[in-house]
Amino acid sequence: MEAKQLIKITSRAVEKLASPERRYIIAWDKEVKGFGIRVTATGVRSFIPNYRYRGKERRKTLGRYGTLSADQGRKLVMAWLRDAAEGIDPAKERQNEKKRMTFAELAEQYIEQHARPEKSPTAAKEDERKLRSVLIPAWGNRAAEEITKLDVTKLRTRIKSKISHITANRYMALLGKMFALAIEWGVRPDNPVRGIKPEQEDPRDRWLRPDEIRRMFESLAVEHDPIIRGALSFL
């Protein structure tokens, strides 16, 4: 039987939890019954709901602390607990949501649940521009779980060949984080960006010369690829 303790689950409290010597411990929230944080012997901290559905006690790992904040974990678990209290199977409901979620919907969830609350305003705005100008037009209506490594590689090649290696790397970093969160959110089982090595970057920075800026805008005016036009538009 696992060791248990009661705490108010906050980021500070979660970080103070010590890892057990073996297996795991579960710390339960003092305020929300059924809201727990599990800590394994390897130090992994995961949010879990404990609920009853059709007379059976159930638990589900919903996401890791670090990928989700304590507040995000609390909201996620509470949504599961509300469904269970209303006689809805939370796991089945989320499975249905998973089947329905498009890439555009995943992008919106990323913006609302990660970019805006977790990143600086400038970084969040940059992520949103990349998504709305390039990625959503490319894949918006497709199911998020159907995006493949080949899709990601083809997009990277288009951006790399027509813009730059550095820009391609920035898009891969954004997609890598999005799909990592998609795993935590139960949207898909894997990350299609994993294993794709970043392009080597030249660490030197310089400003574009006037003639280079002119050529960039000339290229933008005649570029037929809407994905590349979107990426070029905010370089």
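This text follows the structure it describes.
Below is a short write-up of the structure.

### Concerning the pairing of strand β3 (residues 35-40)
Here is step 1: Where strand β2 (residues 24-29) meets β3, five bridges bridge the pair, whose relative direction is antiparallel. Looking at β3, one finds that isoleucine 26 is bridged to arginine 38.
Here is step 2: Between the antiparallel neighbours β2 and β3 lie five residues, among them glycine 34 with a positive phi of about 95 degrees.
Here is step 3: Where β3 lies against strand β4 (residues 45-53), five bridges are found, and the strand directions are antiparallel. By the bridge assignment for β4, isoleucine 37 is matched with phenylalanine 47.

### Topic: the nonpolar core
Here is step 1: Ranked by size, the top nonpolar core spans 52 residues in total, and within it Phe103, Leu131, Leu135 and Leu175 carry the most contacts.
Here is step 2: For this core, the element with the most residues is helix α7 (residues 165-184), which contributes nine residues.
Here is step 3: Contacts of phenylalanine 103, omitting those with residues within four sequence positions, involve Leu131, Leu135, Ile136, Trp139, Gly140, Arg142, Ala143, Ala144, Ile147, Leu175, Met178 and Phe179.

### Description of the environment of alanine 115
Here is step 1: For alanine 115, the position within the fold is in helix α4 (residues 103-118).
Here is step 2: For alanine 115, a relative accessible area of 0% puts it in the buried group.
Here is step 3: Distance in space between the C-alpha atoms of alanine 115 and methionine 178 is 9.7 Å, their sequence separation being 63 residues.
Here is step 4: Aside from chain neighbours lying at most four places away, what touches alanine 115 is Tyr110, Ala124 and Asp127.

### Observations concerning unusual backbone geometry
Here is step 1: Positive phi values are uncommon outside glycine, yet arginine 23 reaches one of about 55 degrees.
Here is step 2: Tracing the backbone shows arginine 23 in the loop between α1 (11-16) and β2.
Here is step 3: Backbone geometry places arginine 54, a non-glycine residue, at a positive phi of 55 degrees.
Here is step 4: When you line up the elements, arginine 54 lands in the loop between β4 and β5 (56-59).

### A closer look at the packing of helix α6 (residues 149-162) against α7
Here is step 1: For the pair α6 and α7, interaxial distance at closest approach is 8 Å and the crossing angle is 150 degrees. In this view, α6 runs roughly antiparallel relative to α7, as classed from their interaxial angle. The two elements α6 and α7 cross, and the hand of that crossing is right-handed. Packed against α6, whose contacting residues are Val152, Leu155, Arg156, Ile159 and Lys160, the element α7 presents His165, Thr167, Ala168, Tyr171, Met172 and Leu175 at the interface.

### Considerations on the pattern of salt bridges
Here is step 1: Throughout the structure, instances matching the rule amount to 11 salt bridges.
Here is step 2: Between glutamate 128 and arginine 116 there is a salt bridge whose closest N-O contact spans 3.1 Å. Here the residue glutamate 128 occupies a position in helix α5 (residues 121-139), and arginine 116 occupies one in helix α4, the gap between them amounting to 12 residues.
Here is step 3: With relative accessibility at 18%, the residue glutamate 128 sits in the buried group.
Here is step 4: Notably, a salt bridge pairs glutamate 128 with arginine 132, separated by 3.0 Å at the nearest N-O pair. On the criterion of helical spacing, the pair formed by glutamate 128 and arginine 132 is a turn pair, its members being four residues apart in helix α5.
Here is step 5: Connected through shared salt-bridge partners, Glu108, Glu112, Arg116, Glu128 and Arg132 make up one network.

### Re α4
Here is step 1: Of all the bends in α4, the greatest measures close to 40 degrees and is centred on isoleucine 111.
Here is step 2: Of the residues making up α4, those classed as buried are Phe103, Ala104, Leu106, Ala107, Gln109, Tyr110, Ile111, His114 and Ala115.
Here is step 3: Where α4 is buried, its residues contact α2 (70-85), α5 and α7.

### Brief notes about the packing of α4 against α7
Here is step 1: Their axes nearest at 10 Å, the elements α4 and α7 cross at an angle of 90 degrees. Between α4 and α7, the crossing angle belongs to the class labelled roughly perpendicular. Every residue of α7 that contacts α4 at Phe103, Leu106, Ala107, Tyr110 and His114 is listed here: Leu174, Leu175, Lys177, Met178, Phe179, Leu181 and Ala182.
Here is step 2: The residue inventory of the contact of α4 with α7, partitioned by class, reads 10 nonpolar, one polar and one charged.

Calculation criteria
- Residues numbered from 1 in each chain as written.
- Predicted model: local features only at pLDDT ≥ 70, side-chain atom pairs only at ≥ 80, totals over all residues.
- Heavy atoms only, no water.
- Pairing = 2+ DSSP bridges.
- Helix = DSSP H or I, 4+ residues; strand = E, 2+ residues; numbered from the N terminus.
- Core = buried A, V, L, I, M, F, W, Y, C linked by side-chain atoms within 4.5 Å.
- Buried < 20%, exposed > 50% of the residue type's maximum accessible area, 1.4 Å probe, protein only.
- Contact = heavy atoms within 4.5 Å.
- Axes fitted to C-alpha atoms, helices over the stretch in contact; angles between N-to-C directions.
- Parallel < 35°, antiparallel > 145°, perpendicular 65-115°, else oblique.
- Left-handed = near helix turned anticlockwise from the far one by under 90°.
- Salt bridge = Lys/Arg side-chain N within 4 Å of Asp/Glu carboxyl O.
- Bend = angle between axes of the 7 residues up to and from the residue.
- Nonpolar A, V, L, I, M, F, W, Y, C, P; charged D, E, K, R; others polar.

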